[in-house]
Amino acid sequence: MATFTVDFLGCKVSQVDAQEIRERLVADGHAEGVGVVDAAVVNTCCVTHEAVRKSRQAVRRAARRAGRVYVTGCGANLAGDGFAGLPDNVEVVRLPSERTAAFVAGDVGAIGCVQANVSLDRVRAFVKIQDGCSFSCAFCVIPQVRGASRSRPASAVLTEIGRRVGQGHREVVLTGINLGCYRDRAAGFDLPRLVREAGAVPGLERLRLSSIEVNHVSDALCAAMRETPTVSPHLHVPLQSGDDRVLRAMGRRYTVATYLRRTAKASGFNLTTDAIVGFPAEDEAAFSNTLRAVEAARITKVHVFPYSPRPGTRTAAEDSIAPAVKKERSARLRALSEAACEAAWRRKVGSDDVVLVDRPGRGYGDDYTPWLVVAPVGALIRVRGVGVTDQGVLGAAA
Ligand code: SF4
């Protein structure tokens, strides 16, 4: 038996991949440890320059306390030598996500082979339904490191959701890189059908989608979400820019008008987004258009990403906006997001919601609004909004 740690950086897909490696090692009879361990896995991120820097730091730290370190995930698959020059006990695993857990387990696995039951004490499970992306946004490194879009069979997804429910998870988040591309042609599933059937898995109390491209926000998807009682009325739809010229330069496949028209199909849902600030084509007028689009779409929360060029992308050599300008625009967009969040939270005061408590004192309501509540972790409780703080809606038992 070996002792191990698994850490991840980046998005929910990275978290799912890290979880798969962890489960595989536990199933092979190894034990999670703290501090000095035999093996450490760091599932890395490369979506920005900063993400690679942090991933490298995490690997360096792991190399000081682990006999062997496996660098996995997007950062490991990035072309170039982002992880060169690290200690000899570091191994960079350049494999697609589907083969990574088996490789790491195989390498560690000679030490022991005991079947164990993996139990997780989490309230929320992320279930990957799809990986990779066949789009080609000019700034994005993901298709390079994760490959083309491919989907898991619907039967495997539904079985995994049942297993997660059996482990005690109350909420499942369907996760992927480009979720709307989900297809299981042999079984006749697209994303709307998967949502309906996943939401009906016995015992599941809440189902959410992670992030979806606006072109996939269809009538069929919105109907599936509205008509399946367990599905959360929340959509995270990346905007990236609210200016058509910048969207074209980014290689995105929509205009601002399309974004507004499609997200209007989900009216009544809580809408959140990602935006890139300081893309080379973004002048002050274009940035103002982004502020306007965020308001027009009634977005409540914007994850702001200052642009950073990534190797191997079409804009790898372009970075014309000064860092101070990116910083200033990012601060303005974040301020708008904070104001929109607060306004949305104020509308909850006096109304009831069902909150899943996922950490001490905090949880998320049905539409992914953050609530501050007093209840045990794992509880799904009905609360009434009694006030607003800078962290979310203040809830009291209803
Ligand atoms: S849709 Fe665009 S931004 Fe999203 S993963 Fe694919 S290429 Fe990257």
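All values reported here derive from a predicted model rather than from experimental measurement.

A.B. asks: Explain the overall build of the chain residue by residue, including any values.
C.D. replies: Tallying secondary structure elements over the chain gives 12 helices and 20 strands in all. Taking 2.2 N^0.38 as the reference for a compact globule, 398 residues should give roughly 21 Å; the C-alpha atoms of the chain span a radius of gyration of 21 Å, in line with that estimate. For the chain, the C-alpha atoms occupy an extent of roughly 55 × 55 × 45 Å along the three principal directions. Counting across all 398 residues of the chain, residues that qualify as buried make up 54%. A sequence separation of at least 24 residues applies to 71% of the contacts in the chain between residues at least 6 apart. Accessible surface computed for the chain: about 17,200 Å², of which carbon and sulfur atoms make up 54%. Of the side-chain charges in the chain, 53 are positive and 42 negative, and the distance between the mean point of each set is 1 Å.

A.B. asks: Got a sec to walk through the sheet that holds strand β4 (residues 66-73)? Specific residues and values, please.
C.D. replies: Strand order in the open sheet formed by 5 strands is β2-β1-β3-β4-β5, with parallel pairing between adjacent strands. On the outer flanks of this sheet lie β2 (31-32) and β5 (90-92), each paired with one strand and no other. Taken together, the 2 bridges between strand β1 (residues 3-8) and β2 define a ladder with parallel strand orientation. Note that in β2 the partner of Thr3 across the bridge is Ala31. Sheet strands touched by helix α4 (residues 97-109): β3 (37-44), β4 and β5. Its angle to β4, the strand with the most contacts, is close to 165°.

A.B. asks: I'd love a proper account of the nonpolar core, names of residues and values included.
C.D. replies: Among the nonpolar cores identified, the biggest contains 60 residues, and Ile161, Leu174, Val195, Leu235 and Leu333 are the most heavily contacted of them. Setting aside anything within four residues of it in sequence, one finds Leu235 in contact with Leu209, Ile212, Val217, Met225, Ala266, Phe269, Asn270, Leu271 and Thr272. One finds Val37, Ala62, Ala63 and Ala76 within the second-largest nonpolar core, a separate group that totals 17 residues.

Reading guide: rules and limits
- Residues numbered from 1 in each chain as written.
- Predicted model: local features only at pLDDT ≥ 70, side-chain atom pairs only at ≥ 80, totals over all residues.
- Heavy atoms only, no water.
- Helix = DSSP H or I, 4+ residues; strand = E, 2+ residues; numbered from the N terminus.
- Rg over C-alpha atoms; globule rule 2.2 N^0.38 Å.
- Buried < 20%, exposed > 50% of the residue type's maximum accessible area, 1.4 Å probe, protein only.
- Contact = heavy atoms within 4.5 Å.
- Areas by Shrake-Rupley, 256 points an atom, 1.4 Å probe, with all protein chains shown as cover.
- Lys, Arg positive; Asp, Glu negative; His and termini not counted.
- Charge placed at Lys NZ, Arg CZ, Asp CG, Glu CD.
- Pairing = 2+ DSSP bridges.
- Axes fitted to C-alpha atoms, helices over the stretch in contact; angles between N-to-C directions.
- Core = buried A, V, L, I, M, F, W, Y, C linked by side-chain atoms within 4.5 Å.

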